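# Per-entry structural report
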Amino acid sequence: PSTNISKELFEDHIKYLVEEKIKVLPITELSKYLKKEINLPKKTVFITFDDAYKSFFQNGFPILKKHKLPFSIFVSSHYVSNVEGSDFMSWSMLKEVSESHGLILNHSKSHESLVGLDIQTLKEEIEQNQIEIEKNIGKQPKIFSYPFGESSKKIEEVLKLLNYEIAFSQHSAPIHSDQNQYRLPRYALNDEFGSLKRFKMIIQTKPLEIFESSFDDSIVNTDELDFSFLTKFPSELVNCFVNNSASMIKKDEGERVSLYLSKLKNGVRYRINCTYINQSGEIFWYGKMIKRVN
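First, a word on what this report is: a plain description of the structure on this page.

Conventions and cut-offs
- Residues numbered from 1 in each chain as written.
- Predicted model: local features only at pLDDT ≥ 70, side-chain atom pairs only at ≥ 80, totals over all residues.
- Heavy atoms only, no water.
- Helix = DSSP H or I, 4+ residues; strand = E, 2+ residues; numbered from the N terminus.
- Rg over C-alpha atoms; globule rule 2.2 N^0.38 Å.
- Contact = heavy atoms within 4.5 Å.
- Buried < 20%, exposed > 50% of the residue type's maximum accessible area, 1.4 Å probe, protein only.
- Right-handed = clockwise from strand over helix to strand, strands pointing away.
- Pairing = 2+ DSSP bridges.
- Core = buried A, V, L, I, M, F, W, Y, C linked by side-chain atoms within 4.5 Å.
- Disulfide = S-S within 2.5 Å.
- Expected span 1.5 Å × (residues − 1).
- Arc of directions from axis to C-beta.
- Polar contact = N/O pair within 3.5 Å; in protein donor to acceptor, adjacent residues only side chain to side chain.
- Axes fitted to C-alpha atoms, helices over the stretch in contact; angles between N-to-C directions.

### Things to note about the overall build of the protein
A count of helices and strands for the protein gives seven helices and 15 strands. For 294 residues, the compact-globule formula gives about 19 Å, and the C-alpha radius of gyration of the protein, at 19 Å, lands near that figure. Along the first, second and third principal axes, the C-alpha set of the protein runs to 55 × 45 × 40 Å. Considering only contacts in the protein between residues 6 or more positions apart, those separated by 24 or more positions represent 62%.

### Observations concerning the pairing of strand 4 (residues 71–75)
Of all five residues in strand 4, five are buried; the element is thus mostly enclosed. Here strand 4 shows two buried faces, one formed by F71, I73 and V75 and the other by S72 and F74. In this fold, the crossover linking strand 3 (residues 48–50) to strand 4 by way of helix 3 (residues 54–67) has right-handed handedness. The sheet contact formed by strand 4 and strand 5 (residues 102–106) spans five bridges and is parallel.

### A closer look at the nonpolar core
In a soluble, globular protein the nonpolar side chains are often hidden away together inside. Counting 30 residues, the largest nonpolar core has I73 and L94 as the members making the most contacts within it. Where this core is concerned, the elements lending two or more residues are helix 1 (7–19), helix 3, strand 4, helix 4 (91–98), helix 5 (119–137) and helix 7 (196–204). Residues in contact with I73, not counting those within four places in the same chain, are F49, A52, F56, M89, L94, V97, L103, I104 and L105. The next biggest cluster of nonpolar side chains, apart from the first, holds 22 residues, and it includes L208, F227, C274 and Y276.

### Re the state of the cysteines
Each disulfide consists of one covalent bond between the sulfur atoms belonging to two cysteines. Counted by the stated rule, this structure contains one disulfide. Covalent S-S linkage joins C240 and C274, the inter-sulfur distance amounting to 2.2 Å. With the S-S dihedral at roughly 115°, the linkage between C240 and C274 falls on the right-handed side. A residue pair is termed long-range when its members are at least 10 positions apart, and C240 in strand 11 (residues 238–242) and C274 in strand 14 (residues 269–277) qualify at 34 residues. Residues C240 and C274 agree in their burial class; the two are buried.

### Concerning helix 5
Its 19 residues place the ends of helix 5 27 Å apart at the C-alpha level, agreeing with the 27 Å of an ideal helix rising 1.5 Å per residue. Three or more residues of helix 5 are buried, namely L122, E125, I126, N129, Q130, I133 and I137. Relative to the axis of helix 5, the buried residues are bounded by an arc of 110° and lie together on one face. For helix 5, exposure combined with an orientation more than 90 degrees from the buried face picks out I131 and K135. Buried residues along helix 5 sit in contact with strand 4, helix 4, strand 5, strand 6 (143–145) and helix 6 (153–161). Capping the start of helix 5, D118 holds a side-chain oxygen 3.1 Å from the backbone nitrogen of Q120, two or three residues further along.

### Regarding the sheet that holds strand 12 (residues 247–253)
The antiparallel open sheet is built from three strands, whose spatial order is 10-13-12. Of all strands in the sheet, those with a lone pairing partner are strand 10 (225–230) and strand 12, marking the two edges. If you compare each strand with its neighbour and ignore which way they point, the axes differ by 20° on average. Of the strand pairs in this sheet, strand 10 and strand 13 (residues 256–262) are connected by six bridges, and their pairing is antiparallel. Bridging across to strand 13, F227 finds its partner in L259.

What follows is the structure, encoded as structure tokens:
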């Protein structure tokens, strides 16, 4: 339930986007927007899928194809398979997807966590996967999704050096024009957190932009973290949460939100979500993922 969505619920999401005339665009338009080359419609949605499971080809793809909506699949070539009993799509399936508004993009070769890899191995994971995709599908944009959403400043620098345009993590928030283009958020819409009611709420959210962040990386080497940032709103009106049983203490210092996190366990990913709701009920949302690594 935390990683999949039923065909029926997914179709409800898509119908809502179509009926409300919310613009669904190829992810390449987001890249242009973040480079400040174009403007986007006021509400714009980008649809992505990780891992290229065969169940997407059987259940999700026909819905998107029917509505002629663009989308992206992030693929790890190690798992692409022609074996009948495999859970993963074949190159011929991915080729068919690419011919119906689907972009086939880079999710690393092996889908192992990139955190902790040496630079050479990291480059091989990324470059070899891109080569394999383009050999089987044809030229594709250099857009990346981190396995498990795990990135770091070091990994992001490698992606820049390899001329990747943008890259995605797995923390929740709407995207805005002035954030880190190599650590973009995405809302996970699954059976656990993807009800139509919540989906409609997410479509309405606005970015909670932060400034002067005290911690810009994603990797923590101890069991605690002091993390603070400024927003445009009084800090006492910003609510913050962390998952996976970590402890959080929030201090309010004018417009500076100060968070003290503790009980961070080695090898565990944590998602920090901060929201502000104004008097009109509009929700402003900031998200960050961190991982403790000794």
